[in-house]
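Per-entry structural report
Residues per chain are reported as follows:
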Amino acid sequence: MHTVNFEETIDAILGKDSRYNRDAYLFIREALDHTQKLLGRSGKSEINHVSCRELLEGIRAYALQQYGPMTVTVLGEWGVRHCEDFGELVFNMIEVSILAKTDRDTRDDFKNGYDFFEAFRRPFVPVRPALQLQTEVRSS
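Before going into details, it helps to say that this report is about the structure given with it. Since the structure is predicted, the reported quantities are computational estimates derived from the model, not experimental observations.

Reading guide: rules and limits
- Residues numbered from 1 in each chain as written.
- Predicted model: local features only at pLDDT ≥ 70, side-chain atom pairs only at ≥ 80, totals over all residues.
- Heavy atoms only, no water.
- Buried < 20%, exposed > 50% of the residue type's maximum accessible area, 1.4 Å probe, protein only.
- Helix = DSSP H or I, 4+ residues; strand = E, 2+ residues; numbered from the N terminus.
- Arc of directions from axis to C-beta.
- Contact = heavy atoms within 4.5 Å.
- Polar contact = N/O pair within 3.5 Å; in protein donor to acceptor, adjacent residues only side chain to side chain.
- Core = buried A, V, L, I, M, F, W, Y, C linked by side-chain atoms within 4.5 Å.
- Phe/Tyr/Trp six-rings, centres within 6.5 Å; stacked < 30°, edge-to-face > 60°.
- Axes fitted to C-alpha atoms, helices over the stretch in contact; angles between N-to-C directions.
- Parallel < 35°, antiparallel > 145°, perpendicular 65-115°, else oblique.
- Left-handed = near helix turned anticlockwise from the far one by under 90°.
- Nonpolar A, V, L, I, M, F, W, Y, C, P; charged D, E, K, R; others polar.
- Expected span 1.5 Å × (residues − 1).
- Disulfide = S-S within 2.5 Å.

1. A short note on helix α1 (residues 6-16)
Among the residues of α1, those classed as buried are F6, T9, I10 and I13. When α1 is viewed along its axis, its buried side chains cluster within an angular range of 100° and face the same direction. On its buried face, α1 is in contact with α2 (22-38) and α5 (83-95). Its side-chain oxygen 3.1 Å from the backbone nitrogen of E7, N5 forms the N-cap of α1.

2. What about the nonpolar core?
Proteins that are soluble and globular tend to have nonpolar side chains buried together. Ranked by size, the top nonpolar core spans 34 residues in total, and within it F27, V80 and F86 carry the most contacts. Apart from residues no more than four positions distant in its own chain, F86 is found in contact with F27, I28, L56, I59, L75, V80, F110, Y114 and F116.

3. Focus on the packing of aromatic side chains
With the rule as written, the count across this model stands at 8 aromatic pairs. Ring plane angle 50° and centroid distance 6.2 Å describe the contact between F27 and Y67, whose orientation is recorded as tilted. On the criterion of sequence distance, the pair formed by F27 in helix α2 and Y67 in helix α3 (residues 52-67) is long-range, its members being 40 residues apart. For F27, a relative accessible area of 2% translates into the label buried. For Y67, a relative accessible area of 26% puts it in the partly exposed group. Grouping aromatic residues by their ring pairs yields a cluster made of F27, Y62, Y67 and W78.

4. Topic: the environment of G79
As for its placement among the helices and strands, G79 is situated in the loop between α4 (71-77) and α5. Distance in space between the C-alpha atoms of G79 and N21 is 6.6 Å, their sequence separation being 58 residues.

5. Focus: the packing of α1 against α2
Running from N to C, α1 and α2 point in directions that differ by 130°, and their axes come no closer than 10 Å. Taken together, the axes of α1 and α2 lie oblique to each other. Crossing of α1 against α2: the hand is right-handed. Contacts between α1 and α2 involve F6, E7, I10, D11, I13 and L14 on the former and, on the latter, R22, Y25, L26 and R29. For the contact of α1 with α2, the class distribution of residues is 6 nonpolar, no polar and 4 charged.

6. A look at α2
In a regular helix each residue adds 1.5 Å, so 17 residues correspond to 24 Å; α2 covers 25 Å between its end C-alpha atoms and thus fits that length. Looking at the buried side of α2, the elements it contacts are α1, α3, α4 and α5. The N-terminus of α2 is capped by N21, whose side-chain oxygen sits 2.7 Å from the backbone nitrogen of D23. The first or second residue beyond α2 is G40, which carries a positive phi of 70°.

7. So, the state of the cysteines
This structure, assessed with the given rule, holds 0 disulfides. Not part of a disulfide, C52 finds its nearest cysteine sulfur in C83, a span of 7.7 Å. The buried category is assigned to C52, whose relative accessible area is 11%. Residue classification places C83 among the buried residues on the basis of a relative accessible area of 1%.

Right, here's the structure in full:
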């Protein structure tokens, strides 16, 4: 009996849907593991389902941890530009049984998750001290 491994399954997904880079699927798998650990749901004997909101927050945290200020660039290279793209990746993985869902989970759950600038760039934008800003306003 031949067991299909993760890499072979991703190859099958990429054969049907080439919008996203292979690394995006690997990232989703790692981000899900990260999210489950953050939520204390990483045990084998318990239900490990996470909601869309929980997963999006876990993806955000994991991406910032892994890629820092380069997060948007890295995700963009993989074809990921919006939360909806995370949903497409997740549901592509659900369709080949890498991931599972409940009856209530839909692709639409990922719409309007968060703004990529706010989630991935804002943490690295320098904050101008209020005193400096007031001085600039007065001198204008």
